[in-house]
Amino acid sequence: MTGSPFIRISNVTRRFGDVVAVDDLSLDIDKGELFCLLGASGCGKTTLLRMLAGFESVDSGSIEIDGIDMSRVPPATRPVNIMFQNYALFPHMTVDSNIAYGLKRAGLPRAEIESRVTELLRLVRLSGMGGRKPHQLSGGQRQRVALARALARRPKLLLLDEPLAALDKKLREDTQFELVDIQERLETTFIVVTHDQEEAMTLASRIGVMDAGKLVQVDSPRTLYDRPKNSFIADFLGTVSFLEGKVKSAKGGMLQIDGPIPVTAVDPGGFAAGDDVRMAIRPEKISLSRESGGGVNEVKVMVEDMAFTGVASNYRVAGPGGVLLKLTQPNMRRGEPALEWEETGYAAFDPADVVLLRD
Amino acid sequence: MTRGISWPALWLGIIGFGILYVPVTVMVIYSFNSSRLVSVWAGFSTKWYGELLENDAVLEALGKSLWVAVNAATLSTVFGVLIALAFVRLGNFRFRLLLSALASMPLVMPEVVTGLSLLLLFIAMEGLLGWPAGRGIDTIIIAHTTFGMCFAAVVVQSRLRDFDMSIEEAAADLGARQPYIFFSITLPVIAPAVIAAWLLAFTLSFDDLVIASFVSGPGSSTLPIVVFSKVRLGVTPEINALATIMILLVAASVVIASAIIYRNSAGRKAAAATGGSGHES
Ligand SMILES: Nc1ncnc2c1ncn2[C@@H]1O[C@H](COP(=O)(O)OP(=O)(O)OP(=O)(O)O)[C@@H](O)[C@H]1O
Ligand SMILES: [Mg+2]
């Protein structure tokens, strides 16, 4: 059985009337992974999660968890627990009873339930609040009760639907690390849904980016950022400048590309002379200075816009043919004053930092 | 907008409440009249209440009324909850609008019509099925349930409509199944509405004269029927005392029902208002 993944989603489709919420989606997830589903609102993230939990039927395709086909397994008996987008705490029960609900259903002895509830409260740092009702808790505390309740039955798979959406920025950042910490300690497989790309980057070992019911790219956060497959991904994750051109020659692992800005790029393979290409460059990979360095991929530009953000300055500069480049310069250089508005200078980037997109 | 007192509105309010409560107040006062003549005040006395306690016919009718009201209210609540669940949960099924209109019809149906139609039904059923054998307490309970459950359904439906369905899914996710989910999650959350519905149905049944007179049989007179037949022989202070007790009972259940509904909605509002803001201990 080795080699078969913990979760196997094969060609799953779910329609609501005319809307295809999840479209022929396949995905494998390994045991103990913290997987993030990332995508814009309405792209089908919640629907996919609800199908894993068993609340939504699957129109076609199949879902296997731990080698068992889930099509006939009701939510109550799946080795899966879900933490709802709105927490869905039982309003008439105390925190303790909320957490104990699933344990009672599992038929655990009372002493064991009590000790597990105490342990879970400590895990989510809510010790001493077990007697409160949900409406006596803050948003962050409620979120942690929901997490404890979902973890109580020690599910093999925990699904979290935008677990941190209701929290303010500071609390969210703290909780992100807590979540990763808990996941590592319990070694449960987590699938976290979010539409916040920064959150996905912080949490996940792998990210699946969804668009209109399909997975566009599944990779580690770094690969996704550095090597986006197409312009949708490049644009969705962080800022990027796009360049267009035509391959002039492909020799010795390098591409010479003609366009408003001539570019030398490392050839990822599969490009030939005459191909039209679209390229992306991250802003922090472009340097800007007054003097020409004389290397490859250097263009003369004029500063159109500049914004100081503290650790860095963000520039928008115009190159030949009106091509706009977005770039970020760290505020650490002493001596040379930063370029100002309407000044001209030289922007340069390394051939290895040019991402060739396959749209 | 001025926040000052609007005099015409205040006067209208006073007149409105006056129309509602002056007659009742007069009646309550005269129930403490020591004279047998209803319109002549002859000093304070509680002797009519004492006499009432010795009147077996009245006490028996009171017992029957309470029995009928408790049973009808319980049945109404059970059916009302089921109707409400069906309308809120089954989504947009065919004929939904028609059905919901039909379900609320008894709310506006003239009582005489309801009473008469039920009487005809009972007679027809007796002829065909041999049940109910004659008319009595059972037929009154059934009759009161038929309209009580419509009121109960309306009360429960409004609560069920803003019931967060995902907590039922959460319960299922944690290993629970129906009907355990209903009794451990749904019912406790809608409990205030259910209790209010029960009290409302109780009041309606306890009050009812018209329908009960149609479907009651010999020896099954409820309190309103007894009061009404006594009044036909002339109003006595005894009747006033009896009516005062009835008002007390009905008022108490209405006050409790409103208090439950009010407290519950206030609590929910407070919970919504504090949502997100922290109060760490
Ligand atoms: N029960 C439903 N009935 C009809 N359409 C639905 C239903 N649930 C989801 N949809 C549709 O399916 C699509 C995907 O919805 P889904 O809730 O999965 O999006 P999401 O990615 O979770 O979005 P968000 O980030 O806003 O939560 C949407 O177009 C939505 O309108
Ligand atoms: Mg969603």
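Rules used throughout
- Residues numbered from 1 in each chain as written.
- Chains lettered and ligands numbered in written order.
- Predicted model: local features only at pLDDT ≥ 70, side-chain atom pairs only at ≥ 80, totals over all residues.
- Heavy atoms only, no water.
- Contact = heavy atoms within 4.5 Å.
- Buried area = accessible area lost by both parts, 1.4 Å probe.
- Salt bridge = Lys/Arg side-chain N within 4 Å of Asp/Glu carboxyl O.
- Polar contact = N/O pair within 3.5 Å; in protein donor to acceptor, adjacent residues only side chain to side chain.
- Helix = DSSP H or I, 4+ residues; strand = E, 2+ residues; numbered from the N terminus.
- Nonpolar A, V, L, I, M, F, W, Y, C, P; charged D, E, K, R; others polar.
- Near = heavy atom within 4 Å.
- Areas by Shrake-Rupley, 256 points an atom, 1.4 Å probe, with all protein chains shown as cover.
- Axes fitted to C-alpha atoms, helices over the stretch in contact; angles between N-to-C directions.

(A) Just the interface of chain A and chain B, in detail. Taken together, the contact pairs 32 residues of chain A with 27 residues of chain B. Of the roughly 2,300 Å² buried where chain A meets chain B, counting both sides, 55% is carbon and sulfur surface. The tally of links between chain A and chain B comes to one salt bridge. Where Arg50(A) meets Glu169(B), a salt bridge forms, and the shortest distance between an N and an O atom there is 2.8 Å. Counting across the interface, chain A meets chain B through nine residue pairs in polar contact (both at pLDDT 80 or more). Mapped onto the side of chain A that touches chain B, the elements with two or more residues apiece are helix 1 (45-53), strand 6 (80-83), helix 2 (95-105) and helix 4 (139-151) of chain A. If one sorts the elements of the side of chain A that touches chain B by residue count, helix 4 of chain A sits on top with four residues. Here the residues of the side of chain A that touches chain B sort into 16 nonpolar, 10 polar and six charged.

(B) Structural view of the site of ligand 1. All names here are of chain A. In the vicinity of ligand 1, the contacting residues are Phe16, Val19, Ala21, Ser41, Gly42, Cys43, Gly44, Lys45, Thr46, Thr47, Gln85 and Glu162. Separating an oxygen atom of ligand 1 from a side-chain N or O atom of lysine 45 is a distance of 2.7 Å. Interatomic distance of 2.5 Å between a side-chain N/O atom of threonine 46 and an oxygen atom of ligand 1. Out of a free accessible area of 640 Å², ligand 1 has 60% covered by protein chains. Counting only elements with at least two residues in the shell around ligand 1, the list comes to strand 2 (19-29) and helix 1.

(C) Seen up close, the packing of helix 3 (residues 56-89) of chain B against helix 10 (residues 223-232) of chain B. Residue and element names in this part refer to chain B. Between helix 3 and helix 10, whose axes approach to 7 Å, the crossing angle comes to 145 degrees. Of the residues in helix 10, those touching helix 3 at Val58, Ala61, Leu62 and Ser65 are Leu223, Pro224, Val226 and Lys230. The residue makeup of the contact of helix 3 with helix 10, split by class, is six nonpolar, one polar and one charged.

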